[in-house]
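# A closer look at the structure
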Protein chains: 2
Amino acid sequence: MDAQKKNVIVMDLALNKDLNLSFDEIELQMRAYAQEYKVPIIQDAGLAFLEMILRLYQPHTILEIGTAIGYSAIRMAHTIPASIVTIERNEEMVEQALKNIHLAKLDNRIKLIFKDALECFDDLKNQKFDLIFIDAAKAQYLNFFELFTPLLTEHGVVVCDNMSFHGLVLDPECYSKQSRSVRGLIRKLNHFKENLLQNSKFDTSIFNIGDGMAVSVRKG
Amino acid sequence: MDAQKKNVIVMDLALNKDLNLSFDEIELQMRAYAQEYKVPIIQDAGLAFLEMILRLYQPHTILEIGTAIGYSAIRMAHTIPASIVTIERNEEMVEQALKNIHLAKLDNRIKLIFKDALECFDDLKNQKFDLIFIDAAKAQYLNFFELFTPLLTEHGVVVCDNMSFHGLVLDPECYSKQSRSVRGLIRKLNHFKENLLQNSKFDTSIFNIGDGMAVSVRKG
């Protein structure tokens, strides 16, 4: 999306009555949109878990891989006063997210990058992040992890959603019933999990919360 | 237990070959003891969750209500370099815990108080704790919470185990089948949960992990 188009979206919003919505109303709108258009957003239990981590750890800077409509970025910014960079490659999602971030009056704390995350390293290489939240294309989790963890601060934390992939990762019987592409994703997620648990630079625990949340704390 | 008896236990240990056990071996011994003597110790998933919280939050001082055989205190001290005060009222448990703490060479960081926790406030009133872990008599959770949270540091955290009480808290069908005393405990735990969630001084989330873990972060 070019700068002009982005400005049009924001100008449209300036005339919009939605600008006076409360946070709860914006949240309801986002959830309704996600349901109607089948956009996967973080599950409630997973979100409660992520917010608990934010309250405990109080990161100043967060990198999110996978904005979708901005739901989790907005919730994170609402929970703690962190600065968030969030990356999304799908144009429709970017438009929705920009609208939602603007409605929530969080433009000053949430910066959205419209690009494939794997092509973003140069944009971010001079920044440091206290927490990285990965909630994007499941096939790329390992690549995201390897690409962006050099940007973590000391004792930085990586949180990954969808580690159980709707339970499929854990259920060998289900596995055989899946399409070839889903089986491929399951294999990749399992490979990523093994890799995480064996990574001696991080202490990783995986919890059966929401769609499965992994928390990896960088060792000192 | 008087000081003399405590010294005898520790002197016995000085002659004991167990003093050269590795941490893993001590842990296995504790788990075997807990199983043999039916001492309830924290479940593996709950422990992984607690340790993740410690790594994220890095508390310097921890208060534990309910030592039992010292398993969770020893695991906490092994995870981070915190100082721990732990309270236990059962003499047999205290003896086991003192042995285990000594075997794990953690006497310098784990201080055990042999008393009913509800009678301990005066012993502790001049100390501050970054984290309080409650894993003791379920009927008293609310009393423990109210008594000890004034000792929390700013943004201090309270973690409570056994919030689902082996699933009983969540299952109305099971409830009616329980003894009167168990029903009383379930009601008290439910009352505590409601109280926690409504307490405006803390942000509380309850997770279906292990036997149910509540995390309450004191608001700034």
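This text gives an overview of the structure that appears in the document. (Residues numbered from 1 in each chain as written. Chains lettered and ligands numbered in written order. Predicted model: local features only at pLDDT ≥ 70, side-chain atom pairs only at ≥ 80, totals over all residues. Heavy atoms only, no water.)

## Overview of the overall build of chain A
As a reminder of what qualifies: Strands here mean DSSP runs of E at least two residues long; helices mean DSSP runs of H or I at least four residues long; both are numbered from the N terminus. Relative accessibility under 20% of the residue-type maximum defines a buried residue, over 50% an exposed one, and the middle range a partly exposed one, all with a 1.4 Å probe and only protein chains included. Should any heavy atoms of two residues lie within 4.5 Å, those residues are considered in contact. For the area figures, the Shrake-Rupley method with a 1.4 Å probe applies, and any residue is considered shielded solely by the protein chains shown.
Across its full length, chain A holds nine helices and seven strands. Here chain A holds 220 residues, and 51% of them are scored as buried. Put simply, 67% of the contacts in chain A that link residues at least 6 apart link residues at least 24 apart. As displayed, chain A offers around 10,800 Å² of accessible surface, 49% of which is attributable to carbon and sulfur atoms.

## Section: the pairing of strand β3 (residues 110-114) of chain A
Side chains on a regular strand alternate between the two faces of the sheet. Residue and element names in this part refer to chain A. Threshold: Paired strands, in this sense, are two strands between which DSSP finds at least two bridges. Looking down the strands as they point away from the viewer, one classifies a crossover as right-handed if the path from the first strand across the helix to the second runs clockwise.
Looking at chain direction, strand β2 (residues 83-88) and β3 are connected through five bridges and run parallel. Residue pairing for β3: Ile84 is matched across the bridge by Ile110. Taking the sense of rotation as the criterion, the β-α-β connection linking β2, helix α5 (residues 91-103) and β3 turns out right-handed.

## Some details on the side chain of Thr67 of chain A
Residue and element names in this part refer to chain A. Here Thr67 lies in the loop between β1 (61-65) and α4 (71-79). Overall, the relative accessible area of 1% leaves Thr67 in the buried class. Once you skip the residues sitting within four places of it in the chain, Thr67 turns out to touch Thr86, Ile87, Glu88, Ala97 and Leu112.

## Some words on the environment of Lys193 of chain B
Residue and element names in this part refer to chain B. For Lys193, the location among the structural elements is in helix α9 (residues 180-198). Its relative accessible area of 13% is what places Lys193 among the buried residues. Here the alpha-carbon distance between Lys193 and His78, two residues 115 residues apart in the chain, equals 30 Å.

## Quick notes on the nonpolar core
Stated precisely, the cut-off is as follows: By nonpolar core we mean a set of buried residues, namely Ala, Val, Leu, Ile, Met, Phe, Trp, Tyr and Cys, connected to one another through side-chain atoms within 4.5 Å.
Counting 89 residues, the largest nonpolar core has Phe49, Met52 and Leu131 of chain A together with Phe49, Met52 and Leu131 of chain B as the members making the most contacts within it. Discounting chain neighbours no more than four positions away, the residues touching Met52 of chain B are Phe49, Met52, Phe207 and Val215 of chain A.

## Details of the relation of the copies chain B and chain A
To be explicit about the condition: What sets the superposition is a least-squares fit of C-alpha atoms, and only residues with pLDDT of at least 70 in both copies go into it.
Its rotation angle being 180°, the transformation that places chain B on chain A also includes 0.0 Å of axial translation and leaves an RMSD of 0.0 Å. Both chain copies can therefore be described as sitting about a two-fold axis. When C-alpha distances to the rotation axis are compared across chain B, the minimum falls at Tyr57 of chain B, with a value of 2.8 Å. Taken as a fraction of all interface residues of chain B, those also at the interface in chain A reach 100%, which identifies the copy contact as same-surface.

## Focus on the pairing of strand β1 (residues 61-65) of chain B
Residue and element names in this part refer to chain B. Of all the five residues making up β1, four are buried; the element is thus mostly covered by neighbouring parts of the structure. Remark: the β1/helix α4 (residues 71-79)/strand β2 (residues 83-88) crossover connection has right-handed handedness. Alignment of β1 against strand β4 (residues 129-134), held across four bridges, turns out to be parallel. Looking across to β4, one finds that Glu64 is bridged to Phe133.

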